[in-house]
Amino acid sequence: MIRSVVHGCGAYLPQRVVTNDELARKVDTSDEWIRQRTGIRQRHIAAEGEFTSHLALKASERALAHAGLKASDLDLIVLATATPDETFPATATRVQSALGMTNGAAFDIQAVCAGFVYGISIADSMLKNGLASTALVIGAETFSRILDWTDRATCVLFGDGAGAVVLKAEEGKGLPADRGVLANALHSDGRQHDILYVDGGPSSTRTTGLLRMEGKEVFKHAVVNMTAVVAEVLEKTGLGPGDLDWLVPHQANKRIIDGTGRKLGLSSDQVVVTVDKHANTSAASIPLALDTAVKDGRIKKGNLVLLEGIGGGLAWGASLIRW
Ligand code: COA
């Protein structure tokens, strides 16, 4: 049985750090409010002229170096983003040409904050079906460009960044002990459009639009759906929460992260948290958190790692990976 085995990861954050105190000088908020409600202390914001593709490229170069591979070894790039450089072509093709990759295919997917888990699932399916052999899965965003900087209820929550992993198709035994992606679960519910969306787009308004959110409603759905999808993905493999080494959740809010970890019976030091430093970077948040925990030595080869995320759509999902 083919497994999609992780060979490396990488991440990149824009240089500029914006603290809560700095935001409090622009909108009616405070460091205390933001920290208490979300756990966020700071976020990175892309510079003028620094696009999603630029962040994605730097994360990808680092992931390839970590994997000991070259761009010419790749035959698939799946880039999850809700903030592409242009309406078309896919930002993934910008990364493809900048890397110097000419084999195979590069395309974008759009599942907002669930984008990275969707990307892993799609790349995993393609590797298993023989459509590609070595894939780069990227989550990259410049959410600062779609924020309403006068809306304190949303502008304090998000940041910019990118992360990537390299997956290679390898023969496995079909057992939970195999290295690689063991199972995925994806869901969406379009009825929940109005609680998290961007009020523009090429077909509707010919503008980019700005992010709109009913935070309390999103919070409620996040806790319920995360708990269900985590149980679903574990069930597919016959493994249980007790087998997990690490939970690497989408980094939206420390309270949602803590709630999910508690429901799984995990200790807080098994849950990777970067929301304090990165804020919510949408599709980039999971690979940024993964890269942090791999490079600081927490996540090791053979560890069982659970990724989960939810975002606009609503769209949500989970992936279980033996690292
Ligand atoms: N600073 C200070 N006060 C703020 C504020 C800010 N940045 N944003 C909102 N407030 C105020 C509100 O105006 C409201 O004031 P009021 O009681 O006088 O009307 C009060 O704080 C409470 O607002 P509310 O929205 O009820 O707060 P909350 O406890 O639900 O926390 C979120 C707000 C956004 C932090 C929380 O709902 C959340 O994290 N939701 C999930 C969002 C998310 O994760 N989205 C991304 C998913 S991908």
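1. Structural notes on the nonpolar core
Then, number 1: By size, the foremost hydrophobic cluster in this structure holds 45 residues, and its most contacted members are Val 233, Leu 234, Leu 244, Leu 264, Leu 306 and Leu 320.
Then, number 2: Contributing elements (two or more residues each) for this core: strand S8 (180-188), helix H7 (215-235), helix H8 (254-263), strand S12 (304-311) and strand S13 (315-322).
Then, number 3: Ranked by residues supplied to this core, first place goes to H7 with seven residues.
Then, number 4: If you count residues domain by domain, this core takes at least three from each of domain 1 (2-171) and domain 2 (180-322).
Then, number 5: Residues contacting Leu 306, with those up to four places away along its chain left out, are Val 230, Val 233, Leu 244, Trp 246, Leu 247, Val 248, Leu 264, Ala 318, Ser 319 and Leu 320.
Then, number 6: Counting residues in each nonpolar core, the second largest holds 36 residues, with Val 78, Ala 80, Val 305 and Leu 307 among its members.

2. Examining the environment of Ala 135
Then, number 1: Mapped onto the elements of the fold, Ala 135 is located in strand S6 (residues 134-142).
Then, number 2: According to the relative accessible area criterion, Ala 135 is buried, its value standing at 0%.
Then, number 3: Setting aside residues up to four positions removed in sequence, Ala 135 forms contacts with Leu 74, Leu 76, Ala 123, Leu 127, Val 165, Val 166 and Leu 167.

3. Quick word on the sheet that holds S8
Hydrogen bonding along the main chain pairs the strands of a sheet, whether they run parallel or antiparallel.
Then, number 1: Reading across the sheet, the four strands line up as S8-S13-S12-S11 and stay open at both edges, with mixed pairing between neighbours. Of all strands in the sheet, those with a lone pairing partner are S8 and strand S11 (246-249), marking the two edges. Neighbour-to-neighbour, the strand axes of this sheet turn through a mean angle of 15°, independent of strand direction.
Then, number 2: Bridging between S12 and S13 involves eight bridges; their strand directions are antiparallel. Considered in S13, the bridge of Gly 309 is made with Gly 317.
Then, number 3: Running at roughly 125° to S8, helix H5 (residues 115-128) makes contact with S8, S12 and S13 of the sheet.

4. What to know about the pattern of salt bridges
Then, number 1: Counting across every chain of the model gives 14 salt bridges.
Then, number 2: A salt bridge links Arg 3 to Asp 178, with the shortest nitrogen-to-oxygen separation between them at 2.9 Å. Separated by 175 residues along the polypeptide, Arg 3 in strand S1 (residues 2-12) and Asp 178 in the loop between strand S7 (160-171) and S8 bring together distant segments of the chain.
Then, number 3: For Arg 3, a relative accessible area of 4% translates into the label buried.
Then, number 4: Residue Glu 217 is joined to Lys 220 by a salt bridge in which the shortest nitrogen-to-oxygen separation is 2.9 Å. Remark: Lys 220 and Glu 217 occur in helix H7; sequence separation between them is three residues, near one turn of the helix.
Then, number 5: Its relative accessible area of 49% is what places Lys 220 among the partly exposed residues.
Then, number 6: Through salt bridges with shared partners, a single network forms among Asp 148, Asp 199 and Arg 212.

Reading the values: rules and limits
- Residues numbered from 1 in each chain as written.
- Predicted model: local features only at pLDDT ≥ 70, side-chain atom pairs only at ≥ 80, totals over all residues.
- Heavy atoms only, no water.
- Core = buried A, V, L, I, M, F, W, Y, C linked by side-chain atoms within 4.5 Å.
- Buried < 20%, exposed > 50% of the residue type's maximum accessible area, 1.4 Å probe, protein only.
- Helix = DSSP H or I, 4+ residues; strand = E, 2+ residues; numbered from the N terminus.
- Domains from an automatic or database assignment.
- Contact = heavy atoms within 4.5 Å.
- Pairing = 2+ DSSP bridges.
- Axes fitted to C-alpha atoms, helices over the stretch in contact; angles between N-to-C directions.
- Salt bridge = Lys/Arg side-chain N within 4 Å of Asp/Glu carboxyl O.

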